[in-house]
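# Geometric and topological summary
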Amino acid sequence: MESIGVLMLCPMNPYLEQELQRRFNLFRLWTVPQMSQFLKDHSASIRAVVGNASAGADAELINTLPGLEIVSSFSVGVDKIDLDKCKEKGIRVTNTPDVLTEDVADLAIGLILAVLRRLCESDRYVRSGKWKKGDFRLSTKFTGKTVGIIGLGRIGMAVAKRAEAFSCPICYYSRREKPDTKYTYYPSVVELAGNCQILVVACPLTEETRHIINREVIDALGPKGVLINIGRGPHVDEPELVSALVEGRLGGAGLDVYENEPQVPEELFGLENVVLLPHVGSGTVETRMAMADLVIGNLEAHFLNKPLLTPLV
Ligand code: 8YV
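No experiment lies behind these values; they were computed from the predicted model shown.

The next point concerns the sheet that holds strand 4 (residues 70–73). Ordered by their spatial adjacency, 5 strands build an open sheet running 2-1-3-4-5, and the pairing between neighbours is parallel. Two strands bound the open sheet, and with one partner strand each, they are strand 2 (25–28) and strand 5 (92–94). With direction set aside, neighbouring strand axes in the sheet form an average angle of 20°. The pairing of strand 1 (residues 5–8) with strand 3 (residues 46–51) spans 4 bridges and is parallel. Each bridged residue has a counterpart across the sheet, and for leucine 7 the counterpart in strand 3 is valine 49.

Looking now at the site of the ligand. Surrounding the ligand, one finds Asn52, Ala53, Phe74, Ser75, Val76, Gly77, Leu100, Arg232, His279, Ser282, Arg288 and Met291. At 2.7 Å from an oxygen atom of the ligand is found a side-chain nitrogen or oxygen belonging to arginine 232. Summarising the interface, the protein chains cover 90% of the accessible area of the ligand, which totals 340 Å² for the free molecule.

As a further point, take helix 1 (residues 14–23). Of all the positions in helix 1, only Leu16, Glu17, Glu19 and Leu20 are classed as buried. Residues of helix 1 that are buried make contact with strand 1, strand 2, strand 3 and helix 11 (285–303). Where helix 1 begins, the capping side chain belongs to asparagine 13, and its oxygen is found 3.1 Å from the backbone nitrogen of tyrosine 15.

This next bit is on the UniProt feature "domain: D-isomer specific 2-hydroxyacid dehydrogenase catalytic" (unreviewed entry) in the protein. When the UniProt feature table is mapped to this numbering, "domain: D-isomer specific 2-hydroxyacid dehydrogenase catalytic" (unreviewed entry) covers residues 8–310. Overall, residues 8–310 shows 36% helix and 14% strand. The separation of its end C-alpha atoms is 19 Å.

Once that is clear, we can look at the side chain of serine 72. Mapped onto the secondary structure, serine 72 falls in strand 4. Only 3.0 Å separates the side chain of serine 72 from the side chain of threonine 94, close enough to count as a polar contact.

Below, the discussion takes up the domain arrangement of the protein. Taken domain by domain, the protein comprises domain 1 (5–98 + 286–303) and domain 2 (101–276). Centre-to-centre, using C-alpha coordinates, domain 1 lies 32 Å away from domain 2. Counting residues at the interface gives 6 residues for domain 1 and 5 residues for domain 2. Interface area for domain 1 against domain 2, summed over the two sides, is near 570 Å², with a carbon-plus-sulfur share of 39%. Interface area lost by domain 1 to domain 2 is led by Asp79, Asp98 and Thr287, which between them contribute 68%. Here domain 1 is connected to domain 2 by 2 salt bridges. For aspartate 98, the salt bridge is made with arginine 154, and the minimal N-O distance between the two is 2.9 Å.

Before going further, it helps to spend a moment on the pairing of strand 10 (residues 226–229). The alternating pattern of strand 10 places Val226 and Ile228 and Leu227 and Asn229 on opposite faces, both of which are buried. Summarising the sheet, strand 9 (residues 198–201) and strand 10 pair through 4 bridges and their orientation is parallel. Each bridged residue has a counterpart across the sheet, and for valine 200 the counterpart in strand 10 is isoleucine 228. The parallel pair strand 9 and strand 10, bridged by helix 9 (residues 215–221), forms a crossover whose chirality is right-handed. The sheet contact formed by strand 10 and strand 11 (residues 252–255) spans 4 bridges and is parallel. Within the sheet, the bridge partner assigned to leucine 227 lies in strand 11 and is alanine 253.

Scoring rules and cut-offs
Residues numbered from 1 in each chain as written. Predicted model: local features only at pLDDT ≥ 70, side-chain atom pairs only at ≥ 80, totals over all residues. Heavy atoms only, no water. Pairing = 2+ DSSP bridges. Helix = DSSP H or I, 4+ residues; strand = E, 2+ residues; numbered from the N terminus. Axes fitted to C-alpha atoms, helices over the stretch in contact; angles between N-to-C directions. Near = heavy atom within 4 Å. Polar contact = N/O pair within 3.5 Å; in protein donor to acceptor, adjacent residues only side chain to side chain. Areas by Shrake-Rupley, 256 points an atom, 1.4 Å probe, with all protein chains shown as cover. Buried < 20%, exposed > 50% of the residue type's maximum accessible area, 1.4 Å probe, protein only. Contact = heavy atoms within 4.5 Å. UniProt positions renumbered as here; feature names shortened; annotations may be inferred. Domains from an automatic or database assignment. Buried area = accessible area lost by both parts, 1.4 Å probe. Salt bridge = Lys/Arg side-chain N within 4 Å of Asp/Glu carboxyl O. Right-handed = clockwise from strand over helix to strand, strands pointing away.

This is the structure:
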């Protein structure tokens, strides 16, 4: 397979890069000095693209690669890939489901605890020496709070399972009610937000779910409510979230994702009821390696004419 051209769109993981390099003719897009010359020289030989949550294959890239057969994404989310275009052109698409579910769900619970129990703030309190002058203020209990989940897919279910262990009643919103769960279903996000204390965004980003967290939803969640986003930044109308937090109309937020990563609204930096993470939901050594193995396994299966491991298109 050494002659097969594989285009990696951005640096993602050293192990993945090394294994792709060993097996294929790997091109690293971020090292290309002149794009037009690169495409002139190599576009015909590139048969696979490897992208991730921040860089996918859009229509423009797909159109410049006439030999493209497969897009293998180092992510479960495929919102950066033009899936319709891939379908139209017969280009296969794979992602990395399942292997990252547990880590992302663990992080959602971590964010909930960090916001409610003010973990980051109390860590700063100790480090700054303030403890010597008096005890840290009281925080908010997690056990027993109602958790609302937007999107009861693999990750949403894993969050629900964990929250159940904290004796939390679980409710959810999804396009359709799931017949095989005992959790309470709300047919609208506003209703869900009005009936829970912690709202977790765990659905894929699509045209329907863009800005699914808007002012109305934030107001329904209210000054005691907490928003947790482990989905995608554009699920949230960010200026609305920022103003609600600044004005105290929302109780708190735990965010792993943002509308324009790595840009994070600076107004959030001074707020103690907000915990900000740099998009690390799947960011453990173990999971990133499993994701890399899936990317490689899908490419090998494709080029050996075997069934793909995790096909989407
Ligand atoms: C990654 C993700 O952060 O799987 C997803 O959809 O957002 C993440 O796992 C990313 O793709 C790693 O580069």
